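# Survey of secondary and tertiary structure
Spelled out, the chains give:
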Amino acid sequence: MVNYLATVVVTLKQVVNDPQGLTVKSGLRQLGFDEVEGVRVGKHIEVRLTAEDEKAARTRVSEMCRRLLANHVIEDVRFQVEEQDAQVGASR
Amino acid sequence: MKFGVVVFPGTWSDRDCGQVIEQVLGAEVRYLWHKDRDLQGCDCVILPGGFSYGDYLRCGAIARFSPVMESVVTFAEHGGLVWGICNGFQVLCETGLLPGALIRNEACQFRCEPAHLFVERADLIYTANLDRGAVLEIPISHGEGNYFADPATLSQIEQNGQVVFRYCQPDGLVVPAANPNGSLHNIAGIVNEAGNVLGMMPHPERRAEVELGGEDGLKLFNSVVDAMNDILVAS
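## Thoughts on the overall build of chain A
Of the regular secondary structure elements, chain A holds three helices and three strands. Element order for chain A, N to C, with α for helix and β for strand: β-α-β-α-β-α. For chain A, whose C-alpha radius of gyration is 17 Å, the value lies well above the compact-globule estimate of 12 Å for 92 residues. Each principal axis of the C-alpha atoms in chain A carries an extent, and together these give about 50 × 30 × 15 Å. The buried share of chain A, taken over its 92 residues, is 32%. Accessible surface, chain A as shown: approximately 6,000 Å² in total, 49% of it carbon and sulfur. Across chain A, the mean location of the 13 positive side-chain charges is 7 Å away from that of the 14 negative side-chain charges.

This is the structure:
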């Protein structure tokens, strides 16, 4: 089995109002960052897992996203999967 | 008439519900621990307010996978009365027993204050003692009670008449200014199509005694007891 690190990013769908994002945007504007046109706040989730290969890891992570990590009524989800050597995995 | 009150780690309104059921209604209450599957023959299961599992990930997201919820879903699918209040409403949406989702309040603030509710449906077991158009004063207490559904779902909910309560002014006018959290269409509570699963953000158990500011919340509990007693007598 191979060690993988999945990095999952969950954001509110574009059609869903994001009050946190709007508040952060207004904060940035107040600090003088006039060029800021939009902010969306989301979640960053790191999942360490083992799998036969990358394809199997992606299948499992996709299932995790569908069943728990994101609520598909309001959220979009995307993820990356990268191989990790066992030592890095163990120390985290 | 027996009520079940589900207790998750982090639930905080279970005893408030129990107090109303036992001391005010004189009905029987069973606390249903999240790890148990047995609903103990309860006629109505309440999912009370609080922060189940710390509201980690999303409000209600983890609670939905607890053993008790498997039984609650089966119970609901067979027509059992399931009443989600505040966090319980969030759990019901996460579980898929009710459509839509509850997101962060528009103002990004936790709102704990009295709210006025326009009663849209008076034909449900939960509202049988009320009239359509009645106005209830029941407090809210939440940071994530902003009801959202995509346009198609929202239009479906409205067409089906699934909206039970809307935030309104004391005179019953449903206007944006009376909306405390940004909920679409001022939605404060909805029911499933069958009418047995109700989710609402306001806390009726906190307005069930005169000493606590009023009895508008008690009207819902009384409706359930009266309607269920009629059904139990009839069968």
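From this point on, the discussion continues.
## Considerations on the overall build of chain B
Counting secondary structure elements, chain B contains five helices and eleven strands. For a compact globule of 235 residues, the expected C-alpha radius of gyration is about 18 Å, and chain B comes in at 16 Å, within 12% of that figure. A total of 235 residues make up chain B; the buried ones form 57% of that total. Entry remark: accessible area of chain B is about 9,200 Å², with carbon and sulfur atoms responsible for 49%. Positive and negative side-chain charges of chain B, numbering 15 and 29 respectively, have mean locations separated by a distance of 5 Å.

## A word on the packing of aromatic side chains
Residue and element names in this part refer to chain B. Under the counting rule described, the total for this entry stands at six aromatic pairs over all chains. Note on Phe3 and Phe221: the rings are 6.4 Å apart at their centroids and 55° apart in plane angle, and the pair reads as tilted. Of this pair, Phe3 sits in strand E1 (residues 2–7) while Phe221 is found in helix H5 (residues 216–234), placing the two residues 218 residues apart along the sequence. The class for Phe221 is buried, based on a relative accessible area of 0%. Between Trp83 and Phe221, the ring centres sit 4.8 Å apart and the planes meet at 45°, which makes this aromatic pair tilted. Placement of Trp83 in strand E4 (residues 81–85) and of Phe221 in helix H5 is noted, with a sequence separation of 138 residues between them. A relative accessible area of 0% means that Trp83 is categorised as buried. Connected via pairs of aromatic rings, a cluster forms that spans Phe3, Trp83, Tyr126 and Phe221. One Lys or Arg, Arg15, reaches over the ring of Tyr31 and ends 4.0 Å from the middle of that ring.

## Considerations on unusual backbone geometry
What is expected of a backbone is that most residues other than glycine have negative phi and most peptide bonds are trans. All names here are of chain B. For Gln40, which is not glycine, the phi torsion reads 55° and is therefore positive. Here Gln40 lies in the loop between strand E2 (28–33) and strand E3 (44–47). With a relative accessible area of 29%, Gln40 lands in the partly exposed category. Even without glycine at this site, Leu57 takes up a positive phi of about 70°.

## Focus on the interface of chain B and chain A
A common way to report how large an interface is uses the accessible area buried once the components associate. Taken residue by residue, the interface counts 15 residues in chain B and 16 residues in chain A. Both sides together, the interface formed by chain B and chain A hides about 1,400 Å², and carbon and sulfur atoms give 66% of it. Considering only the side of chain B, the residues that lose the most area to chain A are B:Leu57, B:Arg58 and B:Phe148, jointly responsible for 39% of the buried surface there. Joining chain B to chain A, the criterion identifies one salt bridge.

## A word on the state of the cysteines
Under the counting rule described, the total for this entry stands at zero disulfides over all chains. Of all cysteine sulfurs, the one in B:Cys59 lies closest to A:Cys65, which takes part in no disulfide; the gap is 19 Å. Cysteine B:Cys93 shares no disulfide, and the gap to the nearest cysteine sulfur, in B:Cys59, comes to 11 Å. Classification of B:Cys93 as buried rests on a relative accessible area of 9%.

## A look at helix H1 (residues 19–30) of chain A
In this model H1(A) runs 16 Å from its N-terminal to its C-terminal C-alpha over twelve residues, within 8% of the 16 Å that 1.5 Å per residue would give. Positive backbone phi, approximately 100°, marks A:Gly32, located one or two places after H1(A).

## Let's talk about the layout of surface pockets
If you add up the space inside the largest pocket, you get close to 580 Å³. Looking at the largest pocket, it is lined by 34 residues, and the ones nearest its centre are B:Arg58, B:Cys59, B:Leu102, B:Arg104 and B:Glu144.

## Quick word on the pattern of salt bridges
If you walk through the whole model with that rule in mind, you get 16 salt bridges over all chains. Between A:Asp76 and A:Lys13 there is a salt bridge, with its nearest N and O atoms 3.5 Å apart. Placement of the pair is A:Asp76 in strand E3 (residues 75–84) and A:Lys13 in the loop between strand E1 (2–12) and H1, with a sequence separation of 63 residues. Classification of A:Lys13 by relative accessible area gives partly exposed; the value is 22%. Shared partners join several salt bridges into a network, and the residues in it are A:Lys43, A:Glu75, B:Arg58, B:Arg64 and B:Glu94.

The rules behind each value
- Residues numbered from 1 in each chain as written.
- Chains lettered and ligands numbered in written order.
- Predicted model: local features only at pLDDT ≥ 70, side-chain atom pairs only at ≥ 80, totals over all residues.
- Heavy atoms only, no water.
- Helix = DSSP H or I, 4+ residues; strand = E, 2+ residues; numbered from the N terminus.
- Rg over C-alpha atoms; globule rule 2.2 N^0.38 Å.
- Buried < 20%, exposed > 50% of the residue type's maximum accessible area, 1.4 Å probe, protein only.
- Areas by Shrake-Rupley, 256 points an atom, 1.4 Å probe, with all protein chains shown as cover.
- Lys, Arg positive; Asp, Glu negative; His and termini not counted.
- Charge placed at Lys NZ, Arg CZ, Asp CG, Glu CD.
- Phe/Tyr/Trp six-rings, centres within 6.5 Å; stacked < 30°, edge-to-face > 60°.
- Lys NZ or Arg CZ within 6 Å of the ring centre and 35° of its normal.
- Contact = heavy atoms within 4.5 Å.
- Buried area = accessible area lost by both parts, 1.4 Å probe.
- Salt bridge = Lys/Arg side-chain N within 4 Å of Asp/Glu carboxyl O.
- Disulfide = S-S within 2.5 Å.
- Expected span 1.5 Å × (residues − 1).
- 1 Å grid on protein atoms, 1.4 Å probe; cavity = no way out; pocket = protein on both sides within 12 Å on 5 of 7 lines; lining within 4 Å.
- Points joined across faces, edges and corners; volume = space filled by probe spheres on them.

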